[in-house]
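Descriptive structure summary
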Amino acid sequence: MAGGDPHALLAAAADQMGKPPEGTPRRPRVGVDLGTASCVLVVLDSSDEGDCPVWVESAGSGALQDGVVVDFARAVATVRALRDRAVDALGTELSTAATAYPPCIPVADARACTYVCETAGFEDVTLVDEVTAAQRTLEITDGVVVDVGGGSTGVGVFRDGRLERLDDRPGGGHHLDLVLAGALGVETGEAERFKRERPTDALPILTPGLHRIAESIRAMTRGTDADLPLHLAGGALMIPRAGDVLAQYLQRTVVTHPHALLITPLGIARSAP
Ligand SMILES: Nc1ncnc2c1ncn2[C@@H]1O[C@H](COP(=O)(O)OP(=O)(O)OP(=O)(O)O)[C@@H](O)[C@H]1O
Ligand SMILES: [Mg+2]
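Residues numbered from 1 in each chain as written. Chains lettered and ligands numbered in written order. Predicted model: local features only at pLDDT ≥ 70, side-chain atom pairs only at ≥ 80, totals over all residues.

**Looking at the sheet that holds strand 9 (residues 152-159)**
Taken in spatial order, the five strands line up as 10-9-8-11-12 in an open sheet, and their pairing is mixed. If you trace the sheet from one side to the other, it starts and ends with strand 10 (162-170) and strand 12 (254-256), each paired once. Each neighbouring strand pair of the sheet contributes to a mean axis angle of 20 degrees, computed without reference to strand direction. Across eight bridges, the pairing between strand 9 and strand 10 is antiparallel. Its bridge partner being in strand 10, Ser 152 is matched across the sheet by Pro 170. The strands touched by helix 7 (residues 199-221) are strand 8 (143-148), strand 9, strand 10 and strand 11 (230-233); relative to strand 9, the strand with the most contacts, the crossing angle is about 40 degrees. (Pairing = 2+ DSSP bridges. Helix = DSSP H or I, 4+ residues; strand = E, 2+ residues; numbered from the N terminus. Axes fitted to C-alpha atoms, helices over the stretch in contact; angles between N-to-C directions. Contact = placed C-beta atoms within 7 Å.)

This is the structure we're talking about:
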């Protein structure tokens, strides 16, 4: 059971990924992260002792751009398949879920995330913004949660546990792939592989792209306390030393967390009733 320690919770979720569950959860809470790069379904078994990840599965969707659903049918098919597999494996009906939208998108686009989950079979869907979800995993009371995903960078400034500012801009891992593809003269799929397999070689090429993400974070945190540490969530900055590049460029404290890809999906599940 991964009670109050965010890193223990993240490690438990990473460990559960792709594994069969150990039994049927007593109080399942489901989170669906409709990401640009991938769609992640997390089931927690929640009790007074804490949240225990019992099912974690990820699937590429290709149905979103910058966090916005652009192919409804494909998004529904992806979530339905993830839900059906979870129901089968866990041996229990899953009728409620939480899902998330990137902050500051139009209300109709945020609602589309709810409709995707409802059409995929969840009867009761709670909607939360992605940055607040990430904060629910990291439990940051004073700091800036920065979620850099495949398509966009979301920022939430938290003070005394209260959300002071929330913003989101395009720019993420996909844009880093474009930079790398251009520099190496390869397709983006090949650039993505290179980025993961040879991060040390990729980092110098990607540094200007990381500075662009840093500028975007600077713009989205302007007017807030510059002493607040930046906490990195999302997959795009999982490149070793990317956090150092940001820290040096922005002259701010940057905190990285293990299994950053799972921070937002876990927090979405924690937002479920
Ligand atoms: N080991 C890694 N090294 C570098 N980049 C990685 C690594 N693993 C994942 N990524 C990048 O992380 C991105 C996906 O992150 P994440 O799952 O947080 O995005 P998403 O939630 O699907 O997108 P968004 O939140 O923007 O809608 C991809 O662009 C991918 O290239
Ligand atoms: Mg995301």
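There is more to say after this.
**Notes on the domain arrangement of the protein chain**
In terms of domains, the protein chain is made up of domain 1 (6-135 + 262-270) and domain 2 (140-261). One C-alpha centre belongs to domain 1, the other to domain 2; they are set 22 Å apart. Contacts between the two partners involve 23 residues from domain 1 and, on the opposite side, 26 residues from domain 2. For the side of domain 1 that touches domain 2, the secondary structure elements donating two or more residues are helix 1 (6-16), helix 4 (130-138) and helix 9 (263-270). Residue composition of the side of domain 1 that touches domain 2, by class: 12 nonpolar, eight polar and three charged. (Domains from an automatic or database assignment. Nonpolar A, V, L, I, M, F, W, Y, C, P; charged D, E, K, R; others polar.)

**Looking at the pairing of strand 1 (residues 28-34)**
Among the seven residues that make up strand 1, seven are buried, leaving the element largely enclosed by the rest of the structure. Here strand 1 shows two buried faces, one formed by Pro 28, Val 30, Val 32 and Leu 34 and the other by Arg 29, Gly 31 and Asp 33. As paired elements, strand 1 and strand 2 (residues 39-47) share seven bridges and run antiparallel to each other. Bridging from a neighbouring strand, Gly 31 pairs with Val 42 of strand 2. The turn linking strand 1 back onto strand 2 is made up of four residues. Sheet topology note: the strand 1/strand 6 (residues 96-101) ladder contains two bridges and is parallel. (Buried ≥ 20, exposed ≤ 12 C-beta atoms within 10 Å, placed from the backbone.)

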